[in-house]
Amino acid sequence: MHDLTLKQLSEALRAKKFSSEELTRAALARIHRFNGRLNAFITVDDQKSLAQARVADAMIGRGEGGPLTGIPVAHKDLFCAKGWRTTCGSKILGNFVAPYDAHVIEQFDRAGAVIAGKANMDEFAMGSSNENSFFGPVRNPWDASRVPGGSSGGSAAAVAARLVPAATGTDTGGSIRQPASFTGTCGLRPTYGAVSRFGMVAFASSLDQGGALARSAGDLALVMNVMGGFDARDSTSVDRPKEDYTRELSRDGARPLDGVRIGMPMEYFTSDLAADVAAPVLAAIDEMKKLGATVVKVSLPNQSLAVPVYYVIASAEASSNLSRFDGVRYGHRAPDYTDLMDMYKKSRAQGFGAEAKRRILIGTYVLSHGYYDAYYLQAQRVRRLIARDFSEAFRQCDVIAGPATPSVAFPLGEKSEDPVQMYLNDLYTISVNLAGLPGMSVPCGFGAHGMPVGLQLIGDYFSEAKMLGIAHQFQRASDWHARAPSGFGA
Amino acid sequence: MSLSHDEILRIAHLARLEVREDEVAALQQKLGAILGLIDRMRSVDTTGVEPMAHAQDLVQRLREDRVTEPDARALYQSIAPQVEAGLYLVPKVLE
């Protein structure tokens, strides 16, 4: 069962080959069996999951529901799910049981999906390795001595190890695409505004976007159909008609990518990119040429400014968003304090990990009197230059292709002492968030140490269906996405 | 690009984060490195460029001034550290 795609699982459930309760029991058994090794889940609740599975079986019995009905899905632990502990990978929310459902959770619930558990993550989505979780690091299923990437490391590991067919994630600077690349899974970060952020605990409000990880472009499209859509409770949710993300998956013929112009940014293929990552990425682009696509060289001149700009804006927004965690209404309150100020300072110092504190401090600094113009406003101006680079590039191509990461997954502990080294992991993903564009990573081969490599696709605003179609054609002509790590047996 | 001992304490106070004396040096070093990374973008000529707050050209949607939410205070306060008579309890602010 765990090797079936989402589509195959859905068909099997509908044909009554097995029930959602049986499928969910099997998934939970695998989770319990392998989570000790991977640490992909922070919270698992068999009773709650099975209760949902029984509701799904009733829906299927009545001939209701859709492709996600009865399917166990892991949710990154910053989506509030009513009655479920929702920790954001942090001690400060270690005891927080969400009193309401995020919009995304409501969507899955309406679709009859089953919550398989809450996935581990870097604290408040701040990290590129899932080593910043209060609940311990997640390990890469391909090599347990290596990181799965972050911040959606738990979600990526759960899908890669075939514990669940799909997981939600969020991507503020690459946190879906980078772990997808490191774990050989498919990840999609939609256009800013395509997925509601209501109930999705905020890190950087102008950059955060909820998305999905799965094993194929086709499966991602099915999940997006559930996740996407306007929500009036998120003031940045874009009011546009609901779309069918599967609509560009079926193109036939020997040259299904005829007419597609793929842009290759010169700035992504420099000495910053490891040769063992460049090779499979270039081979994948060649494969797409064989399918009929043409390749155009494009330039993103302000690319080298993306990481510095991001760490001003993301930190500033984080310092503001995380100021709500003060020990008053929810979350960790220090056991001892002298007065209110001391209560705030101790609760926050005890509750936040080192990376979260660093970003809060940087954010506070760049927003403070005397520095706001030189740092924050300047960063927002350079941000517009970066967004303009993409608009310019999309006049010459339909989709941009390149690496998702500068290297394959690195060993645990290798970069955790040097924040700047860690930040440079996000070199190719960050500018996409600054511009608010959609981005994907799909497996395209293996690099050093037998570790997976991802091909990143970047599209123009709201072009996810086109991007999924292109990825799907690549996956019809290759099988990288079907490879699974060994050791997670039948 | 390095922050002084006093600047670190000032920012920590603004951020309502307790920072112990023995933590300051390490913070100076790590934050200094991050600010060094950030410095690369400061010298870019952005004359005439408007700041970009986010990707979509959005205007805050308004809604009708009607009551739409139920009173869920009991539920929301069930997870609070300290409540009494419907109030969140914190140390006294005014003497």
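Residues numbered from 1 in each chain as written. Chains lettered and ligands numbered in written order. Predicted model: local features only at pLDDT ≥ 70, side-chain atom pairs only at ≥ 80, totals over all residues.

Student: Kindly report on the confidence of the model for chain B, identifying the contributing residues and their values.
Tutor: On average, residues of chain B carry a pLDDT of 92, and 99% of them reach 70 or more. Model confidence for the complex is summarised by a pTM of 0.97, with the ipTM given as 0.95. (pLDDT = per-residue confidence, 0-100.)

Student: Describe the packing of helix α9 (residues 306-321) of chain A against helix α12 (residues 373-393) of chain A, with residues and values.
Tutor: Residue and element names in this part refer to chain A. Contact pair α9 / α12: the axes reach a minimum separation of 9 Å and the direction vectors enclose 130°. The pairing of α9 with α12 is recorded here as oblique in orientation. Of the two elements, α9 crosses α12, and the hand of that crossing is left-handed. Of the residues in α12, those touching α9 at Ala 306, Val 309, Val 312, Ile 313 and Ala 316 are Tyr 375, Tyr 376, Ala 379, Gln 380, Val 382, Arg 383 and Ile 386. Considered class by class, the residues forming the contact of α9 with α12 number 10 nonpolar, one polar and one charged. (Axes fitted to C-alpha atoms, helices over the stretch in contact; angles between N-to-C directions. Helix = DSSP H or I, 4+ residues; strand = E, 2+ residues; numbered from the N terminus. Parallel < 35°, antiparallel > 145°, perpendicular 65-115°, else oblique. Left-handed = near helix turned anticlockwise from the far one by under 90°. Contact = placed C-beta atoms within 7 Å. Nonpolar A, V, L, I, M, F, W, Y, C, P; charged D, E, K, R; others polar.)

Student: With reference to specific residues and values, describe unusual backbone geometry.
Tutor: Residue and element names in this part refer to chain A. Here the bond from Gly 150 into Ser 151 is cis, since omega is 10°, no more than 30 degrees from zero. Mapping Ser 151 onto the fold places it in the loop between β3 (114-119) and α5 (153-160). Although it is not a glycine, Arg 162 sits at a positive phi angle of roughly 60°. As for its placement among the helices and strands, Arg 162 is situated in the loop between α5 and β4 (166-170). Classification of Arg 162 by C-beta neighbours within 10 Å gives buried; the count is 20. (Buried ≥ 20, exposed ≤ 12 C-beta atoms within 10 Å, placed from the backbone.)

Student: Mind laying out helix α1 (residues 6-14) of chain A, listing which residues take part and the relevant values?
Tutor: Residue and element names in this part refer to chain A. Three or more residues of α1 are buried, namely Leu 6, Leu 9, Ser 10 and Leu 13. The arc that holds the buried residues of α1, viewed along the axis, is 100°, so those residues lie on one side. Looking at the buried positions of α1, the neighbouring elements they touch are α2 (20-38), α3 (46-61), β4, β6 (210-214) and α7 (217-227). Directly beyond the C-terminal end of α1, a positive phi value near 60° is found at Lys 16. (Arc of directions from axis to C-beta.)

Student: Residue-level account of the environment of Gly 363 of chain A, with values.
Tutor: Residues and elements named next belong to chain A. Within the secondary structure layout, Gly 363 lies in helix α11 (residues 354-367). Judged by C-beta crowding, with 28 C-beta atoms within 10 Å, Gly 363 ranks as buried. Spatially, the C-alpha atoms of Gly 363 and Asp 336 are 27 Å apart, while their sequence positions differ by 27 residues. In this structure Gly 363 touches Ser 315, Ala 316, Ala 318 and Ser 319, once residues within four positions along its chain are discounted.

Student: Which residues make up the environment of Gly 259 of chain A, and what are the values?
Tutor: Residues and elements named next belong to chain A. Counting through the fold element by element, Gly 259 comes out in the loop between α7 and β7 (261-265). You can call Gly 259 exposed: it has 10 C-beta atoms within 10 Å. Separated by 212 residues in sequence, Gly 259 and Ala 471 place their C-alpha atoms 15 Å apart.

Student: Before we move on, can you summarise the interface of chain A and chain B with the specific residues and values?
Tutor: Contacts between the two partners involve 55 residues from chain A and, on the opposite side, 38 residues from chain B. Broken down by element, the side of chain A that touches chain B gets its largest block of residues, 11 residues, from α12 of chain A. Residues that form the side of chain A that touches chain B fall into these classes: 32 nonpolar, 11 polar and 12 charged.

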